[in-house]
Amino acid sequence: MYPTGALRIHELTPEERAVHATLKQECIPQHVAIIMDGNGRWAGHRSLKRFLGHQQGANAVQLVTETASRIGLPWLTLYAFSLENNLRRPRAEVNFLMRLLKTYLESNLGRMMDNNVRMRYIGRTHELPPEVQDKMRWAEDATANNTGTTLTLALNYGGRSEIVDAFRSLATEMKITHTSPDRITEEDIHRHLYTAHMPDPDLMVRTSGEMRISNFLLWQVAYTEIFVTNRLWPDFRGIHMLEAIEDFQHRERRYGGLNDGTESDDVQSLPVKMVAGR
Ligand code: FPP
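Values in this document were obtained by computation on a predicted structure and should not be read as measured data.

1. A look at the side chain of Arg-70
Relative to the helices and strands, Arg-70 is located in helix α3 (residues 50-70). At a separation of 3.2 Å, a polar atom in the side chain of Arg-70 contacts the side chain of Glu-11.

2. Topic: the nonpolar core
Formed by 47 residues in total, the largest nonpolar core has its most connected members in Ile-34, Leu-76 and Leu-151. Core analysis: the second largest hydrophobic core is formed by 11 residues, Ala-33, Ala-154, Tyr-157 and Leu-217 among them.

3. Structural notes on the site of the ligand
Close to the ligand lie 16 residues, the nearest being Gly-40, Arg-41, Arg-50, Ala-80 and Arg-89. Arg-41 places a main-chain nitrogen or oxygen 2.7 Å from an oxygen atom of the ligand. Between Arg-89 and the ligand, the recorded distance is 2.8 Å, taken from a side-chain N or O atom to an oxygen atom. Contact with the protein chains covers 92% of the free accessible surface of the ligand, which is 620 Å². Because more than half of its atoms lie within 2 Å of the grid, the ligand is assigned to the largest pocket.

4. Details of the environment of Gln-133
The topology assignment puts Gln-133 in helix α6 (residues 130-142). Judged by relative accessible area, Gln-133 falls into the buried class, the value being 17%. Gln-133 sits 35 residues away from Met-98 along the chain, and the two C-alpha atoms are 9.9 Å apart. With residues near it in sequence (within four places) discarded, Gln-133 still touches Thr-125, His-126, Glu-127 and Leu-128. A distance of 3.5 Å separates a polar atom in the side chain of Gln-133 from the backbone oxygen of Thr-125.

5. Focus on helix α7 (residues 159-177)
For α7, built from 19 residues, the straight-helix expectation of 27 Å at 1.5 Å per residue is met to within 8% by its first-to-last C-alpha distance of 27 Å. Those residues of α7 that fall on the buried side of the exposure criterion are Gly-159, Ser-161, Glu-162, Ile-163, Asp-165, Ala-166, Leu-170 and Met-174. Against the buried residues of α7 lie α4 (83-88), β4 (150-157) and α8 (186-192). Of the residues trailing α7, His-178 is marked for its positive phi of about 50°.

6. Description of the pairing of strand β6 (residues 225-228)
Along β6, the buried face is formed by Glu-225 and Phe-227; none of Ile-226 and Val-228, which line the opposite face, is buried. Strand direction decides the pairing type here: strand β5 (residues 203-206) and β6, joined by four bridges, are parallel. When the bridges of β6 are listed, Met-204 appears paired with Ile-226.

7. Some thoughts on the side chain of His-240
Mapped onto the fold, His-240 is located in helix α9 (residues 238-248). According to the relative accessible area criterion, His-240 is buried, its value standing at 12%. Once you skip the residues sitting within four places of it in the chain, His-240 turns out to touch Arg-231 and Asp-235.

8. Quick word on the sheet that holds β4
On the basis of which strands lie adjacent, the open sheet formed by six strands has the order β3-β4-β2-β1-β5-β6 and parallel pairing. A strand with exactly one partner marks an edge of an open sheet, and here the two such strands are β3 (118-122) and β6. Mean inter-strand twist for the sheet, computed between neighbouring axes without regard to direction, equals 20°. Pairing between strand β1 (residues 31-35) and β5: four bridges, direction parallel. Counterpart to Ala-33 in the pairing with β5 is Met-204. Packing against the sheet, α3 makes contact with β1, β2 (75-82) and β4, and its axis sits at approximately 165° to β2.

Rules used in this analysis
Position labels on residues start from 1 in each chain and follow its written sequence. Given that the model is predicted, a residue must reach a pLDDT of at least 70 before its local features are reported, and side-chain atom pairs must reach 80 or more before they are shown or counted; all residues, however, enter totals for whole chains, interfaces and linings. Heavy atoms throughout the structure, all of them, feed into the side-chain values; hydrogens and water do not. Labels follow the DSSP assignment, with helices taken as runs of H or I lasting at least four residues and strands as runs of E lasting at least two, numbered in each case from the N terminus. Any N or O atom pair separated by 3.5 Å or less is treated as a polar contact, with the protein-specific requirement of one donor-capable and one acceptor-capable atom, and with residues adjacent in sequence counted only for side-chain atom pairs. Within this scheme, the nonpolar core is defined by two criteria: the residues are buried Ala, Val, Leu, Ile, Met, Phe, Trp, Tyr or Cys, and they are joined through side-chain atoms within 4.5 Å. Here's how the labels work: a residue is buried when its accessible area is under 20% of the maximum for its type, exposed when over 50%, partly exposed in between, all with a 1.4 Å probe on protein chains only. One heavy atom within 4 Å of a molecule or strand is enough for the residue carrying it to be called near that molecule or strand. Accessible surface is estimated by sampling points in the Shrake-Rupley manner with a 1.4 Å probe; for residues, cover comes only from the protein chains shown. Of the two site types, the cavity is a set of points on a 1 Å grid over the protein atoms alone where a 1.4 Å probe fits but cannot get out, and the pocket is an open set with protein on both sides within 12 Å along at least five of seven lines, each lined by residues with an atom within 4 Å of a point. Molecules are considered to sit inside a cavity or pocket once more than half of their atoms lie within 2 Å of its grid points. Residues count as neighbours in contact if any of their non-hydrogen atoms are within 4.5 Å of one another. An expected span of 1.5 Å times one less than the residue number is assigned to each helix. When DSSP finds two or more bridges between two strands, those strands count as paired. Axis angles are defined between N-to-C directions and span 0 to 180 degrees, where every axis is a line fitted to C-alpha atoms and, for a helix, only to the segment in contact.

Here you go:
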């Protein structure tokens with residue numbers, strides 16, 4: 001159904017290999033999404049400027065991506081820059097993040113190729129500075145034929161605005177095809193999301209301890225397992241993603257159903273009573 005990258009377990013660090021050995025290969029998630037948070041705090045704890053936290057964060061992006069490619073994870077999606085970051089952060093920080101993204105793409109393309117990583121983006125990327133868009137397209141084109149992990153960077157991304165964009169595009173299609181609104185299905189909405197070409201995330205990781213989704217992949221996380229770690233993003237490494245996957249493999253995913261093998265009660269003949277209580 002979806003491409004699975006070739007395994008390169010021998011390239012993991014010994015510590016990563018030890019965690020990987022505990023994983024059930026057949027239950028490796030198809031898609032891991034990460035809310036990378038805590039760059040500013042990482043810098044603050046060291047009395048450093050925030051931009052140094054972002055710089056270390058970019059290094060963590062590359063290391064985690066390479067581990068993902070070694071374990072054959074098909075899809076890795078990282079929340080790199082939200083619409084809210086763009087609107088609410090000081091211009092100097094936004095400009096720095098844009099320059100960092102360009103430098104990151106330029107200096108890591110070789111490693112992406114070595115790791116067979118394909119790069120994609122989601123978000124209102126047409127609103128980013130033109131020179132950043134050029135560099136993004138350059139990296140996407142150069143890696144287009146790679147067959148391992150697809151690294152998707154969410155840039156100028158918001159979950160609600162993604163849904164707005166999907167509705168706009170669906171409404172246009174419906175006008176052309178003269179389709180009545182009561183024929184809209186979940187599948188129609190899925191087809192118009194930025195993520196139409198990928199499976200929904202099985203696992204969403206958030207660093208820095210915050211228990212929020214922060215407008216990331218709102219439609220897609222309906223049945224996603226969530227893993228929150230107190231670790232700050234610049235300290236997050238491949239081994240921590242493997243630990244999150246290990247935790248994920250102990251979850252029971254029920255998608256609203258019953259997975260425990262219990263016989264369903266014969267409820268047809270039972271009277272329905274309200275139970276009084278406080
Ligand atoms: C949150 O830290 C992180 C971001 C603003 C987005 C993630 C950005 C990076 C990892 C760096 C660049 C990425 C690429 C792909 C080159 P924060 O500033 O919100 O941290 P805080 O909550 O501790 O202040």
